[in-house]
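Observations on the three-dimensional arrangement
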There are 2 protein chains.
Amino acid sequence: MAAAALFAACGQQESPQQPVDPAQVVMNNILSRKSVRSYTADTIPAQVMENLLRAAMAAPSGRNIQPWSFVVLTDKSRYDTIFEGNFNLNMFKQAAAVVVVCADTTVVRPPRENPDAPAVQQPNGIWRDDMGAVTENLLLAVEAHGLGACWTACYPYPDRMEPVKQALGLPATVVPYSVVPIGCPAGDEQPKDKWDPSRIHHNMW
Amino acid sequence: MAAAALFAACGQQESPQQPVDPAQVVMNNILSRKSVRSYTADTIPAQVMENLLRAAMAAPSGRNIQPWSFVVLTDKSRYDTIFEGNFNLNMFKQAAAVVVVCADTTVVRPPRENPDAPAVQQPNGIWRDDMGAVTENLLLAVEAHGLGACWTACYPYPDRMEPVKQALGLPATVVPYSVVPIGCPAGDEQPKDKWDPSRIHHNMW
């Protein structure tokens, strides 16, 4: 398969081939990422979804614990149950797919103070930091493929998490962290300009 | 200034101009990001540092609170104090710059249940999620510019946070979240391959 075909989505036959500075392409992608909340009826090719999840799993992970898992939803018949009471339900139903980005809040390892002891299940105090990076990688890959997505928070809200946990059968130690609807943009949402030099300090606050 | 010059770092006159698929460039950058822990003596051009921080500030933010600030350190004479007891001190000293990515754990807003009331300072329960995305954007921009960096955790470790807060004079509600040394890679660190299809579920766990 031609490389270009691996990255085509939203009805493109292939992405444009242009002479570009790779650093500039990456910067443009980061600065172009936006919340997209309405979608066409187009589906997401399996190879593109794999790219998106490959990007997500390339996130940095504290102590390399990699606490993440993903439930890819396309069976909309169950969304009323999975997202009961969630004010984003209609947005989820419109999207071609919804990725529930999950985190195991525990880690199975020898105790840190005794690395030679048998592995035990223990709380992972830094799983939440990884998950922000995972979700952002997913969103940036979405943008790069010409798709649109919106990061909606699930953790730390019990009323949003509980229906998802029950309906998807998540293990007891796994929480649904973020819920990310993905599809081809139906509108023309634009990125926010958040650049604010006053947030930058040099050597002292 | 030519666009290419804005993205040059590590002694490059300009980045290579090649016909490329933008989606593939972004994917390659995400998959190439790695922890770089040793650096040459090269400095970081001011325009490149601005690009890096511009990328960081383009992160998504729950309720658009944008809790982030950045302290860019280049005055190594104070690192012994700022990073007292931090086992990464020598890595920080070798880097051209160290970015302390900070978070305000509060937000000044009207109470959510009474939007017409005067703004009050209140805890922001979701600041930590934004900060993972901010740090990842910074790391991805670093990679795109041919530089190297390493995400080191500061929050939630009191023994690492306290010297930084004191030495940099952070406001009481601001925490040092991550500490990111940045420089031109001296070695040949490679990205980890974390792709694991068993982490993907479809419609049910």
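Parameters at a glance
Residues numbered from 1 in each chain as written. Chains lettered and ligands numbered in written order. Predicted model: local features only at pLDDT ≥ 70, side-chain atom pairs only at ≥ 80, totals over all residues. Helix = DSSP H or I, 4+ residues; strand = E, 2+ residues; numbered from the N terminus. Buried ≥ 20, exposed ≤ 12 C-beta atoms within 10 Å, placed from the backbone. Axes fitted to C-alpha atoms, helices over the stretch in contact; angles between N-to-C directions. Left-handed = near helix turned anticlockwise from the far one by under 90°. Contact = placed C-beta atoms within 7 Å. Arc of directions from axis to C-beta. Core = buried A, V, L, I, M, F, W, Y, C linked by C-beta atoms within 7 Å. Least-squares fit on C-alpha atoms with pLDDT ≥ 70 in both. Expected span 1.5 Å × (residues − 1). Nonpolar A, V, L, I, M, F, W, Y, C, P; charged D, E, K, R; others polar. Pairing = 2+ DSSP bridges. pLDDT = per-residue confidence, 0-100.

**Examining the overall build of chain A**
Scanning chain A for helices and strands turns up seven helices and nine strands. Residues counted as buried form 46% of the 205 residues belonging to chain A.

**Digging into the packing of helix 3 (residues 46–57) of chain A against helix 6 (residues 127–144) of chain A**
Residue and element names in this part refer to chain A. Interaxial distance between helix 3 and helix 6 falls to 7 Å at its minimum, and their mutual angle equals 145 degrees. In this structure, helix 3 meets helix 6 at a crossing whose hand is right-handed. In this structure, helix 3 contributes Asn51, Leu52, Ala55 and Ala56 to the contact, and helix 6 contributes Val134, Asn137, Leu138, Leu140, Ala141 and Val142.

**Comments concerning helix 7 (residues 158–168) of chain B**
Residue and element names in this part refer to chain B. All of the buried residues in helix 7 are Arg160, Val164, Lys165 and Leu168. Buried residues in helix 7, looked at end-on, bunch into an arc of 120 degrees, giving them a common side. Facing away from the buried side of helix 7 by over 90 degrees, the exposed positions are Pro158, Asp159 and Gln166. Backbone geometry just after helix 7 places glycine 169 at a positive phi near 70 degrees.

**Examining the nonpolar core**
Counting residues in hydrophobic clusters, the biggest one holds 124 residues, and the most contacted among them are Val101, Cys102 and Leu138 of chain A together with Val101, Cys102 and Leu138 of chain B. In this view, cysteine 102 of chain A contacts Trp68, Ser69, Phe70, Val71, Leu170, Val174, Val175, Pro176 and Tyr177 of chain A; residues no more than four positions away in its chain are not counted.

**Concerning the relation of the copies chain A and chain B**
Relating one copy of the chain to the other takes a rotation about an axis and a shift parallel to that axis. Of the transformation superimposing chain A on chain B, the axial component is 0.0 Å and the angular component is 180 degrees, with the fit at an RMSD of 0.0 Å. Such a combination of rotation and displacement between the chain copies is what one expects of a two-fold axis. Looking at the interface residues of chain A, 100% of them are also at the interface in chain B, so both copies use one shared face.

**Concerning helix 6 (residues 127–144) of chain B**
Residues and elements named next belong to chain B. Here helix 6 spans 26 Å end to end across 18 residues, near enough to the 26 Å set by a 1.5 Å rise per residue. For helix 6, the buried fraction is high: 18 of the 18 residues fall into the buried class. Just downstream of helix 6 lies glycine 146, where phi reads positive at about 80 degrees.

**Remarks on the interface of chain A and chain B**
Listed per partner, the contact involves 69 residues of chain A and 69 residues of chain B. Listing elements by their share of the side of chain A that touches chain B, those giving two or more residues are helix 1 (3–6), strand 1 (18–20), helix 2 (22–32), helix 3, strand 2 (68–73), helix 6 and strand 9 (200–202) of chain A. Among the elements that take part in the side of chain A that touches chain B, helix 6 of chain A stands out by supplying 13 residues, more than any other. Of the residues in the side of chain A that touches chain B, the class split is 39 nonpolar, 19 polar and 11 charged. Both strand 2 of chain A and strand 9 (residues 200–202) of chain B contribute to a ladder of three bridges, which runs parallel. Each residue of the ladder has a partner; that of phenylalanine 70 of chain A, found in strand 9 of chain B, is isoleucine 200 of chain B.

**Comments concerning unusual backbone geometry**
Residue and element names in this part refer to chain A. Cis geometry marks the peptide bond from tyrosine 155 to proline 156; its omega dihedral reads 5 degrees. Along the polypeptide, proline 156 turns up in the loop between strand 7 (152–153) and helix 7 (158–168). With phi around 55 degrees, arginine 63 is a residue other than glycine that occupies positive phi space.

**Structural notes on the confidence of the model for chain A**
Residue and element names in this part refer to chain A. Per-residue pLDDT for chain A has a mean of 93; in total, 92% of the residues score no lower than 70. Ranking the helices and strands of chain A by mean pLDDT puts strand 3 (residues 97–104) first, with 99, and helix 1 last, with 52. Our summary of model confidence lists the complex with pTM equal to 0.94 and ipTM equal to 0.93.

**Comments concerning the environment of leucine 31 of chain A**
Relative to the helices and strands, leucine 31 of chain A resides in helix 2. The exposure class of leucine 31 of chain A is buried, given the 20 C-beta atoms found within 10 Å. Linking leucine 31 of chain A and lysine 194 of chain A, residues 163 residues apart in sequence, is a C-alpha distance of 9.4 Å. Not counting residues up to four positions away in its chain, the partners in contact with leucine 31 of chain A are Pro191 of chain A together with Ala58 of chain B.

**Re the environment of threonine 105 of chain A**
All names here are of chain A. Within the secondary structure layout, threonine 105 lies in the loop between strand 3 and strand 4 (106–109). A count of 16 C-beta atoms within 10 Å places threonine 105 in the partly exposed class. Once residues lying within four places of it in the same chain are set aside, the contact partners of threonine 105 are Pro123, Asn124, Trp127, Thr173 and Val175.

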